[in-house]
Amino acid sequence: MSLWEKWDLISINIYLYIYLFEGVIIYYLGDYIYIREIILLLILISYYKNIIKNGKMGKYDIYWISILLFYFLVGLFFTENIKQVILGSKLFILIYIGYILYKKYFNNINFLKKYYMGFFLVSCLGIFLQYFYNDLPWSSVQRTWTIYTAGISDSTDNLFRLAGFGRLSNSVASMIVCSFVWIICFCNRKWIYSIIGLIAVILTTSRGGIVAYIICMCIYFFKGHKGEKFLLKTFFYVSIISLIGLPIYAIVFDGGNDVYLKDDVFVFLLATIQDRMVNSWNGTFLIVKNYGSMLLGRGFGGIGSVRELYDKFVSYQNPIDNFFVMLYGNIGILVFIIFFVIIKKIIKLDFSKIEEKYIYIFFIMLFYAGIVNDMMEPMILIHLGYCMGYLLYNIK
């Protein structure tokens, strides 16, 4: 395959590198950074140009378009703000972009090696650089679309959260963990990278990223052992039960207020989950219940930071902090159907095929990190699209 035939795959990786350097670019170029969205538009135009040329659209494309259009309209109905809905729909368009590029992605693993080593090493370098020189010029960059201090720092929880060359600590942590999953499956000298990445992701203080990274390290160190398959399956089932079960428990029991953490160690380890059970998850559910539909959610743009900035009905701050809750808030009970289809296909994956093992580990990473993060970062969403594309077309 020539470079020209890979232009869209190359372009989406350039798009991700722009996110990697988001803090730096915003500091020097300001709003010009949003020119990057043209990349997504060109990929979609090219894809549908080929569909029109061939005169045939696949059934999954029809499903995707129907879902995107329907929840765009749902969002418009509940928010009455088309700008808010357009910005909110971008998250799902990124998943769709990954879906339409999945074949090129899995057919060009060797070609992509330099990009993923770059994602990993440059992300780590940025974290180390900021740790030792925390007065970097772009540290003053502020997020304009939420009340939190951002730039390459996030000062919630009284912590200075490092984000290297980027804008948010969670984004760079996701970049490191997602590229580490790729390194585990497709690169050599993994133990060196694993230590470098562990230090960097700890410095971001992203709890979900740290837990997911440690889980991935365990998977790497058990590679080839007799218990590897059992370990992978155990990690997977625990992650999916925690991801979905904890928010549902919080909602059913009014934020889990009947849970009390007495042991100091458990308070330290689990306080972040209890805070989300009482505040974030239950709060998001109440927003959907009072200003949307428990059946349909609130549609695109109905929850999250876009809502905080643009919504004229409910604009107070309420972080989502869970991947499942994020999906439910946008698409309602459809999330249960999607998870059922994905899980049904994931359990059929063949670990002897490296690309299928990669998908399995990716979802383990996603589900563990997603317990306390909404996982809205482009790196995660695009790769979710890659993996969903493979599952839909290759796993019956």
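Computed from a predicted structure; not experimentally measured.

1. Quick notes on the side chain of Arg167
Right, on to step 1. Here Arg167 lies in the loop between strand S2 (161-162) and helix H8 (169-186).
Right, on to step 2. Judged by relative accessible area, Arg167 falls into the buried class, the value being 7%.
Right, on to step 3. Side chain to side chain, Arg167 and Glu22 meet in a polar contact 3.1 Å long.

2. Focus on the pattern of salt bridges
Right, on to step 1. In total, this model carries nine salt bridges according to the counting rule given.
Right, on to step 2. Here Glu80 makes a salt bridge to Lys312, at a shortest N to O gap of 3.2 Å. In this pair, Glu80 is assigned in the loop between helix H4 (59-79) and helix H5 (82-100) and Lys312 in the loop between helix H13 (305-310) and helix H14 (323-331), connecting sequence segments 232 residues apart.
Right, on to step 3. One network of salt bridges, with partners in common, ties together Glu22, Arg36, Glu37, Lys90 and Arg167.

3. Details of helix H11 (residues 228-252)
Right, on to step 1. Here H11 contains 25 residues, and its C-alpha end-to-end distance of 36 Å stays within 8% of the 36 Å for a straight helix at 1.5 Å per residue.
Right, on to step 2. Gly245 marks where H11 bends most, by close to 25 degrees; the proline Pro247 follows one to four residues later.
Right, on to step 3. Listing the buried residues of H11 in full gives Glu228, Leu231, Leu232, Phe235, Phe236, Ser239, Ile240, Ser242, Leu243, Ile244, Pro247 and Ala250.

4. Concerning empty space enclosed by the protein
Here the idea is plain: a probe the size of a water molecule rolls over the atoms and shows the empty space left.
Right, on to step 1. A full pass over the atoms with the stated rule returns three cavities of 30 Å³ or more.
Right, on to step 2. In this model, the largest cavity occupies a volume close to 100 Å³.
Right, on to step 3. Taken together, Tyr19, Leu20, Glu22, Gly166, Arg167, Leu168, Ser171, Val172, Met175, Glu377, Pro378 and Met379 form the lining of the largest cavity.
Right, on to step 4. Per-element accounting of the lining of the largest cavity gives the leading share, three residues, to H8.
Right, on to step 5. Classifying every residue of the lining of the largest cavity gives seven nonpolar, two polar and three charged.

5. Overview of the nonpolar core
Right, on to step 1. Grouped together as the largest cluster of nonpolar side chains are 131 residues, with contacts concentrated most on Phe339, Tyr358, Phe362 and Phe363.
Right, on to step 2. Per-element accounting of this core gives the leading share, 13 residues, to H8.
Right, on to step 3. Setting aside chain neighbours within four positions, we find Phe362 in contact with Cys178, Val181, Ile380, His383, Leu384 and Cys387.

6. Structural notes on a nonpolar patch on the surface
Right, on to step 1. Side chains of Tyr27, Tyr28, Leu29, Tyr32, Ile35, Ile38, Leu41, Leu42 and Ile45 sit close together on the surface and give an oily, nonpolar patch of about 960 Å² of accessible area.
Right, on to step 2. Secondary structure elements with two or more residues in the nonpolar patch: helix H2 (22-29) and helix H3 (37-54).
Right, on to step 3. For the nonpolar patch, the leading source of residues is H3, giving four residues.
Right, on to step 4. Looking at the secondary structure, you find Tyr32 in the loop between H2 and H3.
Right, on to step 5. With a relative accessible area of 59%, Tyr32 lands in the exposed category.

7. With respect to the confidence of the model for the protein chain
Right, on to step 1. Per-residue confidence for the protein chain gives a mean pLDDT of 87; residues scoring 70 or more make up 89%.
Right, on to step 2. Note that residues 142-159 has pLDDT below 50 and, in this model, 52 contacts with residues that lie over four places away or in other chains.

8. Remarks on the layout of surface pockets
Right, on to step 1. Quantified by volume, the second largest pocket comes out at close to 690 Å³.
Right, on to step 2. Here the lining of the second largest pocket gets six residues from one element, more than from any other, and that element is H3.

9. Notes on the environment of Lys345
Right, on to step 1. As for its placement among the helices and strands, Lys345 is situated in helix H15 (residues 334-346).
Right, on to step 2. A C-alpha to C-alpha distance of 7.0 Å links Lys345 and Lys396, two positions 51 residues apart in sequence.
Right, on to step 3. When near neighbours in sequence (up to four residues on either side) are disregarded, Lys345 contacts Leu391, Leu392, Ile395 and Lys396.

10. Section: the packing of helix H10 (residues 207-221) against helix H16 (residues 354-369)
Right, on to step 1. One way to put it is that H10 packs onto H16 with a least axis distance of 8 Å and a crossing angle of 150 degrees. By the angle between their directions, the pair H10 and H16 is classed as roughly antiparallel. The crossing of H10 and H16 is right-handed. Contacts between H10 and H16 pair Gly208, Val211, Ala212, Ile215, Cys216 and Ile219 from the former with Ile361, Ile364, Met365, Tyr368 and Ala369 from the latter.
Right, on to step 2. Taken together, the residues of the contact of H10 with H16 break down into 10 nonpolar, one polar and no charged.

11. As for the packing of aromatic side chains
Right, on to step 1. Applying the stated criterion across every chain yields a total of 45 aromatic pairs.
Right, on to step 2. On the basis of an interplanar angle of 55 degrees and a centroid distance of 5.1 Å, the ring pair of Phe106 and Tyr390 is categorised as tilted. Placement of Phe106 in helix H6 (residues 102-107) and of Tyr390 in helix H17 (residues 378-394) is noted, with a sequence separation of 284 residues between them. For the pair Phe106 and Tyr390, a shared accessibility class is recorded, and that class is buried.
Right, on to step 3. Members of the aromatic cluster, each reached through a chain of ring pairs, are Phe236, Tyr237, Phe323, Phe324, Phe336, Phe339, Phe351, Tyr360, Phe362, Phe363 and Phe367.
Right, on to step 4. Lys114 extends its terminal NZ or CZ atom over the ring of Phe111, reaching a point 4.0 Å from the ring centre.

12. Examining helix H7 (residues 109-132)
Right, on to step 1. Here H7 contains 24 residues, and its C-alpha end-to-end distance of 34 Å stays within 8% of the 34 Å for a straight helix at 1.5 Å per residue.
Right, on to step 2. Where H7 bends most, at Tyr115, the angle is about 25 degrees.

About the cut-offs
Residues numbered from 1 in each chain as written. Predicted model: local features only at pLDDT ≥ 70, side-chain atom pairs only at ≥ 80, totals over all residues. Heavy atoms only, no water. Helix = DSSP H or I, 4+ residues; strand = E, 2+ residues; numbered from the N terminus. Buried < 20%, exposed > 50% of the residue type's maximum accessible area, 1.4 Å probe, protein only. Polar contact = N/O pair within 3.5 Å; in protein donor to acceptor, adjacent residues only side chain to side chain. Salt bridge = Lys/Arg side-chain N within 4 Å of Asp/Glu carboxyl O. Expected span 1.5 Å × (residues − 1). Bend = angle between axes of the 7 residues up to and from the residue. 1 Å grid on protein atoms, 1.4 Å probe; cavity = no way out; pocket = protein on both sides within 12 Å on 5 of 7 lines; lining within 4 Å. Points joined across faces, edges and corners; volume = space filled by probe spheres on them. Nonpolar A, V, L, I, M, F, W, Y, C, P; charged D, E, K, R; others polar. Core = buried A, V, L, I, M, F, W, Y, C linked by side-chain atoms within 4.5 Å. Contact = heavy atoms within 4.5 Å. Patch = residues over 30% accessible without salt bridge, like charges linked within 9 Å, V, L, I, M, F, W, Y side chains within 5 Å. Areas by Shrake-Rupley, 256 points an atom, 1.4 Å probe, with all protein chains shown as cover. pLDDT = per-residue confidence, 0-100. Axes fitted to C-alpha atoms, helices over the stretch in contact; angles between N-to-C directions. Parallel < 35°, antiparallel > 145°, perpendicular 65-115°, else oblique. Left-handed = near helix turned anticlockwise from the far one by under 90°. Phe/Tyr/Trp six-rings, centres within 6.5 Å; stacked < 30°, edge-to-face > 60°. Lys NZ or Arg CZ within 6 Å of the ring centre and 35° of its normal.

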